[in-house]
Amino acid sequence: MSGARVLATAPGRVNLIGDHTDYMGGLVLPMAVQLGTTITATRGGDRVELSSAQVPGAVSFGLPVKDATTVEPSWGRYVAGVAAELGATQGLSGTVESDVPLGSGLSSSAALEVAAALALGDDGTPLEVARRCQLAEQRATGVPCGIMDQLASAAGVEGHALLIDCATLDITPVPVPDQARIWVVHSGQERQLVSSAYADRRAECERAAAVLGPLPAADPADIEALADPVERARARHVRSECDRVRRFARVLATGDLTTAGQLMRASHDSLRDDFEVSTPVLDELVDELCTHDGVFGARLTGAGFGGCVVALAAPGVELPGWQVHAAAGARVELLD
Ligand code: GLA
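Given the structure is predicted, the values throughout are model-derived calculations rather than measurements. (Residues numbered from 1 in each chain as written. Predicted model: local features only at pLDDT ≥ 70, side-chain atom pairs only at ≥ 80, totals over all residues. Heavy atoms only, no water.)

K.L.:
Please clarify how helix α8 (residues 257–273) should be interpreted in this entry.
P.N.:
An α-helix turns once per 3.6 residues; consequently, residues spaced three or four apart project the same way. With 17 residues, α8 should reach 24 Å at 1.5 Å per residue; the first-to-last C-alpha distance of 24 Å fits that figure. Taken together, the buried positions of α8 are Leu257, Thr259, Ala260, Gly261, Leu263, Met264, Ser267, His268, Ser270 and Leu271. The inward-facing, buried residues of α8 contact β1 (5–17), α7 (229–254), α9 (280–290), β9 (295–300) and β10 (308–313). (Helix = DSSP H or I, 4+ residues; strand = E, 2+ residues; numbered from the N terminus. Expected span 1.5 Å × (residues − 1). Buried < 20%, exposed > 50% of the residue type's maximum accessible area, 1.4 Å probe, protein only. Contact = heavy atoms within 4.5 Å.)

Now the structure itself:
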């Protein structure tokens, strides 16, 4: 038992544009935010024992992990999934603190996974850590998620959003201009049906890609020629969303927030009409925000089906949510 005391911190993220593209090898533009999750713990023993300041009930499980899906309380499954991916045999005992609003679309689960990986001693590159945490999330929840959330948390760069090509996993930091204010507003609607609908959408995209090849580069005429109207619409979203991400990254870098806002609005419309992951509550909130003085654009962010909207606004605008800043990625310190 080494007894080292560690402090591991990992940020949540907001996705500015590029949803439901990561698992198809497309482009995304998330940024790590100043809200994060911190694990303070002593390494050693063969159990993971963590209590949380926010959620009642402590997590306690033995190593090596046999089945992450049965750990209670359920937030412990993310930690157990990570321990299983790492093949961890050295335990931890400590506390988890988080100011990432839970289940709000700011990737509280990815922040917990990445903090847990670092606390458990994962010393891989941000990409390696993110990959293990993505597999941990799939293991813990059964949702076939992509890598965006974990990679944004592990690889965040202060003051920058990350343009990630999910085919090559190349990351290009894009500076967020000083005059851009980014807000996350909760719709008040809890996410619904996320796991099954997410898996359905991914399967529909994969069927389209089996005919067309990689969707981010598919020829629009070939997409329109697909026989199945559902696959056609899903493919159209992935292709058009990747184009929007590319353009958004360009106009953000030049400070053209008007065009950036229009691209966000177009992204929402595509997620609503072609990808069918919006809800009337999200649509109404986006419509309302887009007519608000000083707001350049808004869109649902993350998986959809409820949860949060992200808005791009001018300085001085106050919205009923969290104003977020682009923060650095996860880190770990040995305390003594
Ligand atoms: C969730 C998943 C991500 C991504 C988004 C949609 O947040 O965890 O991998 O697919 O949905 O863009």
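K.L.:
Explanation requested: the packing of helix α3 (residues 126–141) against helix α4 (residues 148–155) in the structure shown.
P.N.:
Between two packed helices, the angle of one axis relative to the other and the distance separating the axes together describe the packing. It is at 8 Å that the axes of α3 and α4 come closest, and there the two elements cross at 145°. Seen along the crossing, α3 lies across α4 with a hand that is right-handed. Facing α3, whose interface residues are Pro126, Leu127, Ala130, Cys133, Gln134 and Glu137, α4 presents Gln150, Leu151, Ala154 and Ala155. The residue makeup of the contact of α3 with α4, split by class, is 7 nonpolar, 2 polar and 1 charged. (Axes fitted to C-alpha atoms, helices over the stretch in contact; angles between N-to-C directions. Left-handed = near helix turned anticlockwise from the far one by under 90°. Nonpolar A, V, L, I, M, F, W, Y, C, P; charged D, E, K, R; others polar.)

K.L.:
Quick question: what am I supposed to make of the pattern of salt bridges here?
P.N.:
Proximity of charged atoms lets side chains of opposite charge pair with each other. Tallied over the full model, the rule gives 21 salt bridges. When the shortest N-O distance is used, the salt bridge between Asp149 and Arg13 registers 2.8 Å. Of this pair, Asp149 sits in helix α4 while Arg13 sits in strand β1, placing them 136 residues apart in sequence. Its relative accessible area of 4% is what places Arg13 among the buried residues. (Salt bridge = Lys/Arg side-chain N within 4 Å of Asp/Glu carboxyl O.)

K.L.:
What is the right way to look at the sheet that holds strand β8 (residues 181–186) in this model?
P.N.:
In sheet architecture, strand pairing relies on hydrogen bonds along the backbone and comes in two forms, parallel and antiparallel. Strand order in the open sheet formed by 4 strands is β9-β10-β8-β11, with antiparallel pairing between adjacent strands. The sheet is open, and its two borders are formed by β9 and β11 (322–324), each paired with just one other strand. The sheet shows a mean angle of 25° between the axes of neighbouring strands, direction not considered. Pairing of β8 with β10 involves 6 bridges; the strand directions are antiparallel. The residue bridging Arg181 from the neighbouring strand is Ala313, located in β10. The sheet strands contacting α8 are β9 and β10, and the helix crosses β9 at an angle near 25°. (Pairing = 2+ DSSP bridges.)

K.L.:
In this structure, what is going on with the side chain of Glu113? I would like to understand it.
P.N.:
Note that Glu113 resides in helix α2 (residues 108–119). Within the buried set, Glu113 has no salt-bridge partner at all; the shortest N-O distance to an opposite charge, 10 Å, is to Arg13. Polar side-chain contacts of Glu113 include one of 3.0 Å to the side chain of Gln150. Ignoring anything within four residues of it in the chain, the contact list for Glu113 reads Tyr78, Val82, Cys133, Glu137 and Gln150. (Lys, Arg positive; Asp, Glu negative; His and termini not counted. Polar contact = N/O pair within 3.5 Å; in protein donor to acceptor, adjacent residues only side chain to side chain.)

K.L.:
How should the layout of surface pockets be read in this particular structure?
P.N.:
One simple way to see leftover space: roll a probe sized like a water molecule over the atoms. Of the pockets and cavities examined, the largest pocket occupies roughly 890 Å³. At the level of elements, β5 (92–98), α2, α3, α4 and α5 (194–212) are the ones that each hand at least two residues to the lining of the largest pocket. Each residue belonging to the lining of the largest pocket can be placed in one class, and the counts come to 15 nonpolar, 16 polar and 7 charged. A volume near 160 Å³ is recorded for the second largest pocket. Looking at the lining of the second largest pocket, the elements that each hand over two or more residues are β8 and β11. In the lining of the second largest pocket, the residues fall into 7 nonpolar, 3 polar and 2 charged. (1 Å grid on protein atoms, 1.4 Å probe; cavity = no way out; pocket = protein on both sides within 12 Å on 5 of 7 lines; lining within 4 Å. Points joined across faces, edges and corners; volume = space filled by probe spheres on them.)

K.L.:
Any chance you could explain the environment of Arg299 here in plain terms?
P.N.:
Tracing the chain through its elements places Arg299 in strand β9. On a C-alpha basis, the gap between Arg299 and Leu162 in space is 18 Å, while along the polypeptide they are 137 residues apart. Among the polar contacts made by the side chain of Arg299, one reaches the main-chain carbonyl oxygen of Leu16 at a distance of 3.1 Å.

K.L.:
Just checking my understanding: could you explain the packing of aromatic side chains for this structure?
P.N.:
Any pair of aromatic rings gets described here by the distance separating the centres and the angle formed by the planes. Considering all chains together, one arrives at 1 aromatic pair under this definition. Between the NZ or CZ atom of Arg234 and the centre of the ring of Phe275, over which it lies, the distance is 5.9 Å. (Phe/Tyr/Trp six-rings, centres within 6.5 Å; stacked < 30°, edge-to-face > 60°. Lys NZ or Arg CZ within 6 Å of the ring centre and 35° of its normal.)

K.L.:
Please clarify how the pairing of strand β6 (residues 160–165) should be interpreted in this entry.
P.N.:
Remark: a regular strand shows side chains that alternate across the two faces of the sheet. In this structure, strand β2 (residues 27–43) lies alongside β6, joined through 2 bridges in antiparallel fashion. Within the sheet, the bridge partner assigned to Val28 lies in β6 and is Ile164. Relative to strand β7 (residues 170–175), β6 runs antiparallel, the two sharing 6 bridges. Pairing of Ala161 across the sheet is with Val174, part of β7. The loop that links β6 with its antiparallel partner β7 comprises 4 residues; one of these, Leu169, has a positive phi angle of about 65°.

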